[in-house]
Amino acid sequence: MSQLAVRVIPLASGEVGVPVVPAEADGLLSLVWLVVALPALGAAVLLLGGRRTDPWGHLFGCAMPIGSFVVGLAAFAQLLGRDAEERQVRQALWTWLEVGDWQAEFALLLDPLSMLFVLLICGVGSLIHVYSVGYMAHDANRRRFFGQLNLFVTAMLVLVLADDYLGVFLGWEGVGLASYLLIGFWAHKDSAATAAKKAFIVNRVGDLGMSLAVMLMVATFGTSSFAGVSAAMPDASEGTATALGLLLLLAACGKSAQVPLQSWLLDAMEGPTPVSALIHAATMVTAGVYLVVRSSFVYAFTPTAETAVVVVGLVTLLVGAIIGCAKDDIKKALAGSTMSQIGYMMLAAGIGPAGYAFAIFHLLTHGFFKAGMFLGAGSVMHATDDDVDMRHYGALRTAMPVTFATFAVGYLAIIGFPPFSGFFSKDRIIEAAFGEGWIYGTGALIGAGITAFYMTRVMLLTFLGSKRWRDGVHPHESPRVMTTPLIVLAVLSLVGGVLILGGWITGWLEPVTGPEEPHDLFVSPLVLTGIITLVVLGGVAIGWFTYGAGRTIADYPPANVRFATRAARADLFGDALNEAVFMRPGQQLTKALLFVDDKIVDGFVNGLAALVGGSSGAARRAQTGFVRTYALTMLGGALITVVATLAVTLT
Amino acid sequence: MTVPWLTITAVLPLLGAVALALLPRRAALAPKAALGLSVLALVVGVAGALTDYDPDASGFQLEEQHEWIPSLGAWYSLGVDGIGLTLVLLTLVLTPVVILASWHDGDTGRWSSNAFFAWMLALEGLAVGVFAATDVFLFYVLFEATLIPIYFLIGGFGGVRRSYAAVKFLLVSLFGGLLMLASVVGLYTVSNGAGGPTYLLEDLARIDIDQTTGRLLFLGFFIAFAVKAPMFPVHTWLPDAAQAATPGTSVMLVSVLDKIGTFGMIRFCLGLFPEASQWASPVVIVLAVVSVLYGAILAIGQDDMRRLIAYTSVSHFGFIVLGIFVLTPQGGAGSTLYMFNHGLSTAALFLVTGMLIQRHRSALISDYGGVQKAAPVLAGMFLVAGLSSLSLPGLSPFVSEILVLVGTFRESVVAAVFAVLGMVLAALYILIMYQRTMNGPARASAATTPDLGLRERLVLSPLLVLIVLLGFFPQLLLDVINPAVEATLDQVGVSDPTPDVPVTAEEVP
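Quick notes on the rules
Residues numbered from 1 in each chain as written. Chains lettered and ligands numbered in written order. Predicted model: local features only at pLDDT ≥ 70, side-chain atom pairs only at ≥ 80, totals over all residues. Helix = DSSP H or I, 4+ residues; strand = E, 2+ residues; numbered from the N terminus. Rg over C-alpha atoms; globule rule 2.2 N^0.38 Å. Buried ≥ 20, exposed ≤ 12 C-beta atoms within 10 Å, placed from the backbone. Contact = placed C-beta atoms within 7 Å. Pairing = 2+ DSSP bridges. Nonpolar A, V, L, I, M, F, W, Y, C, P; charged D, E, K, R; others polar. Expected span 1.5 Å × (residues − 1). Bend = angle between axes of the 7 residues up to and from the residue. Axes fitted to C-alpha atoms, helices over the stretch in contact; angles between N-to-C directions. Parallel < 35°, antiparallel > 145°, perpendicular 65-115°, else oblique. Left-handed = near helix turned anticlockwise from the far one by under 90°.

## What about the overall build of chain A?
The number of helices and strands found in chain A is 27 helices and three strands. For chain A, whose C-alpha radius of gyration is 28 Å, the value lies close to the compact-globule estimate of 26 Å for 651 residues. Buried residues in chain A amount to 59% of all 651 residues. At a minimum sequence separation of 6, the contacts of chain A that also span at least 24 residues come to 81%.

Structure, rendered in structure tokens:
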């Protein structure tokens, strides 16, 4: 064990940053702009077109991301056919701004990393668009919904395709806007409107990190482009690297709902369920992981910031898992799980070259199985009059066989049951975490056990056990347009593990993240896999004996529970903390300043006015009848003063 | 023969004002005539910029010079550089929009509709003159003259506390004006001592003013401009004025006239008193950052939408002043662009809230709720205007804000770190206002809110289109602004900051 303890502090000194050196996009790859332009067109037509686009808006809205996906697949085929070192291409569009020594271009960077994201965003995105045709069929504003989904896809693609941190920032806040609009899609509900606002504002706190990072880059390097920053990074001081790493981490925490900026994600479940699947599970919330992996050339020079990333990931994976255990709302249970799984990705990304590829691998498999499960939850809600309380479900297995089967695949994938996709991706992360230090490995292992427990709970409460349906609820399977995406995602969740076969994904990402670093383990990888599987089975067993095994589920959560349960129900007091530290003092400060401005500062300004007016009551007297005479006299006086002064100077 | 573009652009609306005042009082005619004239002025101004203005050249262009008062050294001298041209264009763009928005606002005032639109046109003409004046004395006279129309617009056509607001505005402005007057007189003495009186900017800029005199004269100008802008702690006239004025008047006041303050800081404080500007910059930077945060926090606490927008402007003007006084290329260009973008964004906000207020006769946020359901177009345009105010990337104010912040960071990391907090506060004040008025369950009165009519959509559309366009193509304006900012910084005598770790050419192919 002694040799593991040494590795608690990551030794990044051996790492080398991989510079971004793209070639000009040519041939078919010069169509990469279409990937962004199509959904942008969709958003513009549907949001500006108004009611006259209602009849065909949802179809048009589906066609755009599907079109992008097709272009993306073609580009992928092109890249696959090239040598590894030629898989990084750039398409310059126009100069965004150029002032002094700072120039930022609108340019797209297609490389192995952004390519995978394009496929994920457009692929899963298209499936969710199709699903929404059925899910939102009865909503009067379905066309607006599709417009905003298209807007989201556009912004997300800008985020991953930009070749400059300023461009990333555009996509970054763009997805924040889309998230705001879609969480608040049913903004006539106060809870939805408040959740939307909270998401935006908490994200803005994270965005402080992004803005400051851009400022620091321009001040240090005179540029904020990936190519420029990655080229000059080796010459920068470690202090600069650490500052950049921490600022980018702050941004990542906001977008990816990592501790301490996690509180918005659970509330974000107010949005329609396809939104939760696409934005708050599969894509947008993983943007923080993208940012860290993309900035590998920064983190390579700062062990301190890397450790911070690892710690944030570890804490969040445990916090999310604990919260997931205590939620009766199926969407919130899944949201806690999302936090937790992204925590795994962060942990892996913080490890550096030994973990980057696995972070992205897990990001992809998670995109498949979590999107599938969220859509499954949506299907369940569709069948139960939008009830989200799992205590009102039970025995839905027979009423909704497709939903059940696909959800079960997602379940097996997320808990890491072999040979489902999550088994491979999570296994590699836990392994890498043990390679980094036993404390990280143990934390990740415990997290896997808790994941197995709470997901078993979700599974049992929803699909197994006895019927606890409310009166008048007659669950039924969802229409084909909804179940087809479920089936596709289930298949992907099942077979997603093939990406690691023969080390494909690590090799594919090597031009971006550098070669995978070997790490020492205290046991052989096979034994570790055995241990992980045992822990997972343990979690499943505890779940089974608590919620399955013929136990009756109370209609209401028990009130008399231990502190730990209460804490988990209250999201580990994240909101209480925010209120105590920021909100209430902020409100008091606002009140105090309102008083100061009204009584003191305004008094001072009125004093100035009185000084000119030659009387202390000037401004007050303005309210009486002879205001005009008075004011005009003043103006006249001023003009006379001008003339008089001139006269004096003239003589 | 060269065409006196600037004179034509300024005189057209002024003549229109006189004509409107003399016309018979047929209310229907006044807004149409005013709109026509302001559009004509816009066409002339743009034509002049396109034909005779070379964006790559530095220094003043479209120049006109005629001797005015020789004994004083005062000239009728006009000309614009990229900074002046940007603000002239802003004035020319906003006036027709405001006139179209104020179509019926002249009907309910103390005087006739003719008077309302006459004052509007007069204001436009004077503002163009102020931004184009290259003679300090001419600038001062026009600067003071702009007070007259705005005073009558607030006092004659505003809401409940209009008289109080109008007089407070006038007196506080006169206070600043008197200080500036002292400095203007001082400049006469200085130039007279240096070989003969002159108020021409180009001559004054060459005179070597001794340190103490320079600093005193600087203060006179600076305080007048700080009142105008307005900056903390001389800002409280603005919320009162915005609350009392019609939406159109508020736009002309905040989007156009207040820019004279920040424009004057660049042109006169930096241009004439480089040493004093550098001397004062630490204090000004602190005041600017305080304005950013103080204005934003007070905006959060407002219930009256008009006061709220006024306080957001205090915050935004803080950013503009900050960018000016950090004396870096990004700061200066960012601030100039900020003036233009803030003009658009604030105009959109004042006008769209004005449309809402006019529907329900209340400006209080707490009187609203759930308007979005009944009036989706109004809500949508309100949201875009609001998002521009919180500097969302993709909309034009973002570009100027990030430029100011980058420029600030290179001069003072601490100032940038505090100022950037304004980003979070902006999200708070905009989204709280939006949620409470547009979202939530529809209040009984809001449920019947009529959506925007054609005229109202025509008012807001050009503003929103420009906001989006300049969000993606800010270089259209920056190409004009950059040379002027470089020239100003040369005049101040600061060198551009250089990166600590520059990226060499061979590193980035």
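Next comes the rest of the account.
## Here we look at the overall build of chain B
Each helix and strand counted, chain B has 21 helices and two strands in total. Relative to its length of 509 residues, chain B is compact, with a C-alpha radius of gyration of 22 Å against a globular reference of 23 Å. Projecting the C-alpha coordinates of chain B onto the three principal axes gives extents of approximately 70 × 65 × 45 Å. Here chain B holds 509 residues, and 67% of them are scored as buried. In chain B, 81% of the contacts between residues at least 6 apart in sequence involve partners at least 24 apart.

## A few points about the sheet that holds strand β2 (residues 89–99) of chain A
Consider a sheet: its strands pair through backbone hydrogen bonds, and that pairing is either parallel or antiparallel. Residues and elements named next belong to chain A. Judged by pairing direction, the sheet is mixed, and its three strands sit side by side in the order β1-β2-β3 without closing on themselves. The open sheet is flanked by β1 (23–24) and β3 (102–110), the only strands paired with a single partner. One ladder, built from nine bridges, connects β2 with β3; its direction is antiparallel. Counterpart to Leu97 in the pairing with β3 is Ala104.

## Focus: the interface of chain B and chain A
With 74 residues of chain B at the contact, the number on the chain A side is 71 residues. Residue assignment for the side of chain B that touches chain A shows that the elements contributing at least two residues are α6 (147–157), α7 (162–193), α13 (274–300), α15 (329–360), α16 (371–374), α18 (396–411), α19 (413–438) and α21 (475–492) of chain B. Counting residues per element, the side of chain B that touches chain A draws most heavily on α7 of chain B, at 15 residues. Of the residues belonging to the side of chain B that touches chain A, the class tally is 52 nonpolar, 15 polar and seven charged.

## Considerations on the environment of Ile320 of chain B
Residues and elements named next belong to chain B. Relative to the helices and strands, Ile320 resides in helix α14 (residues 305–325). Linking Ile320 and Leu238, residues 82 residues apart in sequence, is a C-alpha distance of 17 Å. Not counting the four nearest positions on each side in its chain, Ile320 is found in contact with Thr262, Ser335, Tyr338 and Met339.

## Observations concerning the pairing of strand β2 (residues 74–80) of chain B
Across the seven residues of β2 of chain B, six count as buried, placing the element largely inside the fold. Hairpin geometry of strand β1 (residues 61–69) of chain B and β2 of chain B is characterised by an intervening segment of four residues between the two adjacent antiparallel strands and by a positive phi of about 80° at Gly73 of chain B.

## Some words on unusual backbone geometry
With an omega dihedral of -10°, the bond running from Ala229 of chain B to Pro230 of chain B counts as a cis peptide bond. Its place among the elements puts Pro230 of chain B in the loop between α9 (211–228) and α10 (237–244). Here the residue pair Phe232 of chain B and Pro233 of chain B is connected by a cis peptide bond, since its omega of 0° sits within 30 degrees of zero. With respect to the helices, strands and loops of the structure, Pro233 of chain B is situated in the loop between α9 and α10. Phi at Asp385 of chain A is positive, roughly 55°, even though this residue is not glycine. Locating Asp385 of chain A in the fold gives a position in the loop between α16 (356–383) and α17 (396–399). A positive phi angle, near 50°, is found at Leu62 of chain B, a position not held by glycine.

## Focus: α21 of chain B
Look at α21 of chain B: 25 Å from first C-alpha to last across 18 residues, which is about the 26 Å you get at 1.5 Å a residue. At Ile481 of chain B, α21 of chain B is deflected by roughly 35°, the largest bend along its length, and proline Pro483 of chain B occurs up to four residues later in sequence. Looking only at α21 of chain B, the buried set comprises Leu477, Leu478, Val480, Ile481, Asn482, Ala484, Val485, Thr488 and Leu489 of chain B. If you follow the buried residues of α21 of chain B, they end up packed against β2 of chain A together with α3 (82–101), α12 (259–272), α15 and α20 (454–472) of chain B. Positive phi shows up at Gly493 of chain B, right after α21 of chain B, with a value of about 90°.

## Quick word on the packing of helix α6 (residues 165–183) of chain A against helix α7 (residues 190–221) of chain A
Residues and elements named next belong to chain A. Two numbers describe how α6 lies on α7: the axes approach to 9 Å, and their chain directions differ by 175°. Judged on the interaxial angle alone, α7 and α6 are roughly antiparallel. Residues Tyr165, Leu166, Phe169, Trp172, Glu173, Gly176, Ser179, Tyr180 and Ile183 of α6 lie in contact with α7, whose contacting residues are Ala192, Ala195, Ala196, Ala199, Phe200, Asn203, Asp207, Met210, Ala213, Val214 and Met217. Class assignment for the residues of the contact of α6 with α7 results in 15 nonpolar, three polar and two charged.

## Here's the deal with the packing of α16 of chain A against helix α22 (residues 504–513) of chain A
All names here are of chain A. Two numbers describe how α16 lies on α22: the axes approach to 9 Å, and their chain directions differ by 120°. Here α16 lies oblique to α22, going by the angle between them. In terms of crossing hand, the pair formed by α16 and α22 is right-handed. Counting all contacts with α16, which are made through Tyr356, Ala357, Ile360 and Phe361, the residues of α22 involved are Ile505, Thr506, Leu509 and Thr513. Here the residues of the contact of α16 with α22 sort into six nonpolar, two polar and no charged.

## Focus on the environment of Tyr151 of chain B
Tracing the sequence through the fold places Tyr151 of chain B in helix α6. Placed 177 residues apart in sequence, Tyr151 of chain B and Thr328 of chain B show a C-alpha to C-alpha distance of 36 Å.

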